[in-house]
Amino acid sequence: MHELSVTENILSIALEHATQAEAARVTVIHLVIGQLSSIVDDSVQFYWDMVAESTICEGAKLHFSRVAAMFHCEDCASDFNMDSRLSECPYCGGIHTRLIAGDEFYIDSIEIEKKEVGVKQ
Amino acid sequence: MSTIKVPVVEKILSANDRMAAINRKRLNENHVFSINLMASPGAGKTSLILQLIQRLSPGYKIGVIEGDTAPVTIDADKITAQGMPAVQINTGGDCHLDAAMVSDGLDQLPLSQLDLVIIENVGNLICPAAWDLGTHINLLVASVPEGDDKPYKYPNIYRGLSVLVINKVDLLPYVNFDMAYFRRGVELLNPGLITFPVSCHTGEGFAAMIHWLKEQIKSQKSGE
């Protein structure tokens, strides 16, 4: 959808946390993206290499964890996966369903290399 | 050099969400009810705004923020021709409005004199769904000629709605639109969603919507 602005947001959050942790370099960024968040991994990766250039995030790997869409049926209280298309509850045919997973869109953690302070080589 | 893991757990759009909260606070302080109006291109967003202005004026004062991807003032001109303040925001090609753009738009509206702010989002069923603008409700205009499969194809936008308007119902006899199938999809995503079938062309169906809207404006005025 709008991967460039999303990628810039990822960079800004990663830089903020990396700076707080006194990182010399960020090596990995762990992202959690629900199946229903319309984000294309390849596009984010493409923009990432451009926006992260000349920052301490340059060269960092983006690791995407995808979360499948899960619904809860209010009629029979069972949980089910949404496969390819929107449908009623596969157990009771109920249509009173609620999304319980699949719209995640956050940075879980980053991996950094610390500045070496006061260590002589 | 050793690598360590730093927990973050922060939403990628958290900066937008923070700005949206500021917008919402500002609207509340001015007791203005606000609507984020979304739809695909051509569904009738501007026509709906014009209908609402026509039916609410002169008793109510309405400000409009028009979002477009191109530097045009076609929509804003239609609003100002009705005597209401309008601000045109050009997203510079971006596919949606975000809370920062709306904040700029609010700066240019006489908020303390308004009863209602309508923000016309960029015509798009995908991206606007992800960006909170800080309005009180998200409203989608679906239209009959778009087809009855839209809830199934664009589930995200339907999930986040408070109100659905089905426009162009006067075309139902002429197009292949299965209302029961459409509404079943909506029900799966957003049970009990407030829905107003209308036609901006013939004006049918507006009595119920205007009644509902006046109630919302009233409770916002009284600070509830």
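In the block above lies the structure referred to throughout.
Everything numeric here is computed off the predicted structure, so don't read it as measured data.

Engineer: Looking at this structure, I do not really get the packing of aromatic side chains. What am I missing?
Structural biologist: The way to describe two aromatic rings as a pair is by their centre distance and the angle between their planes. Residues and elements named next belong to chain B. Across all of its chains, the model carries 6 aromatic pairs over all chains by this definition. With a centroid separation of 5.3 Å and 45° between ring planes, the pair formed by phenylalanine 177 and phenylalanine 182 is classed as tilted. Here phenylalanine 177 and phenylalanine 182 have matching classes, each one buried. Put simply, the rings of Tyr158, Phe177 and Phe182 pair up and form one aromatic cluster.

Engineer: I tried to follow the pattern of salt bridges on my own but got confused; where do I start?
Structural biologist: Pairs may arise between side chains of opposite charge once their charged atoms sit close together. Following the criterion strictly, the structure yields 10 salt bridges over all chains and no others. The partner of aspartate 103 of chain A in a salt bridge is arginine 159 of chain B, and the shortest N-O contact between them spans 3.8 Å. Taken together, the residues span two chains, with aspartate 103 of chain A in the loop between β5 (97–101) and β6 (105–114) and arginine 159 of chain B in helix α6 (residues 155–159). Overall, the relative accessible area of 25% leaves arginine 159 of chain B in the partly exposed class.

Engineer: Is there a simple way to think about the interface of chain B and chain A in this case?
Structural biologist: Interface size is often expressed as the accessible area that is lost when the parts come together. Of the residues lining the interface, 32 residues belong to chain B; the matching set on chain A comes to 36 residues. Scanning the region where chain B abuts chain A turns up 2 salt bridges. At the boundary of chain B and chain A, one finds 13 residue pairs in polar contact (both at pLDDT 80 or more). Here the side of chain B that touches chain A takes 9 residues from strand β1 (residues 3–11) of chain B, the largest share from any one element. Residues that form the side of chain B that touches chain A fall into these classes: 20 nonpolar, 6 polar and 6 charged. In this structure, β6 of chain A lies alongside β1 of chain B, joined through 7 bridges in antiparallel fashion. Within β1 of chain B, the residue paired with tyrosine 106 of chain A across the bridge is lysine 11 of chain B.

Engineer: Where do I start with the environment of asparagine 9 of chain A in this structure?
Structural biologist: Along the chain, asparagine 9 of chain A falls in helix α1 (residues 3–20). For the pair formed by asparagine 9 of chain A and isoleucine 107 of chain A, sequence separation is 98 residues and the distance between their alpha carbons is 10 Å. Leave out the neighbours within four places in its chain, and asparagine 9 of chain A touches Ile12, Leu13, Ala15 and Trp131 of chain B. A distance of 2.8 Å separates a polar atom in the side chain of asparagine 9 of chain A from the backbone oxygen of serine 5 of chain A.

Engineer: What is the right way to look at the side chain of serine 199 of chain B in this model?
Structural biologist: All names here are of chain B. Secondary-structure assignment places serine 199 in the loop between β8 (194–197) and α8 (206–221). Relative accessible area serves as the criterion here: at 0%, serine 199 is assigned to the buried category. Apart from the residues lying within four places of it in its own chain, the contact partners of serine 199 are Asn167, Lys168, Val169, Asp170, Glu204 and Phe206.

Engineer: Looking at this model, I keep getting lost on the sheet that holds β5 of chain A. Mind explaining?
Structural biologist: Strand pairing in a sheet is mediated by backbone hydrogen bonds. Such pairs are either parallel or antiparallel. Residue and element names in this part refer to chain A. Spatially, β4-β3-β5 is the arrangement adopted by the 3 strands of the open sheet, whose pairing is antiparallel. Only two strands of the sheet have a single neighbouring strand rather than two, namely β4 (79–81) and β5. On average, adjacent strands in this sheet sit at an angle of 35° to one another, irrespective of strand direction. Strand direction decides the pairing type here: strand β3 (residues 70–73) and β4, joined by 3 bridges, are antiparallel. Residue pairing for β4: methionine 70 is matched across the bridge by asparagine 81.

Engineer: I tried to follow the pairing of strand β5 (residues 116–120) of chain B on my own but got confused; where do I start?
Structural biologist: The side chains of a regular strand alternate between the sheet's two faces. Residue and element names in this part refer to chain B. Here β5 lies mainly inside the structure; 5 of its 5 residues are buried. Of the two faces of β5, both are covered, the one formed by Leu116, Ile118 and Glu120 as well as the one formed by Val117 and Ile119. Alignment of strand β2 (residues 33–39) against β5, held across 5 bridges, turns out to be parallel. Bridging across to β5, isoleucine 35 finds its partner in isoleucine 118. Sheet topology places strand β3 (residues 62–68) next to β5; 5 bridges connect them, and they run parallel. Of the residues in β5, the one forming a bridge with valine 64 is isoleucine 118.

Rules behind the numbers
Residues numbered from 1 in each chain as written. Chains lettered and ligands numbered in written order. Predicted model: local features only at pLDDT ≥ 70, side-chain atom pairs only at ≥ 80, totals over all residues. Heavy atoms only, no water. Phe/Tyr/Trp six-rings, centres within 6.5 Å; stacked < 30°, edge-to-face > 60°. Buried < 20%, exposed > 50% of the residue type's maximum accessible area, 1.4 Å probe, protein only. Salt bridge = Lys/Arg side-chain N within 4 Å of Asp/Glu carboxyl O. Helix = DSSP H or I, 4+ residues; strand = E, 2+ residues; numbered from the N terminus. Contact = heavy atoms within 4.5 Å. Polar contact = N/O pair within 3.5 Å; in protein donor to acceptor, adjacent residues only side chain to side chain. Nonpolar A, V, L, I, M, F, W, Y, C, P; charged D, E, K, R; others polar. Pairing = 2+ DSSP bridges. Axes fitted to C-alpha atoms, helices over the stretch in contact; angles between N-to-C directions.

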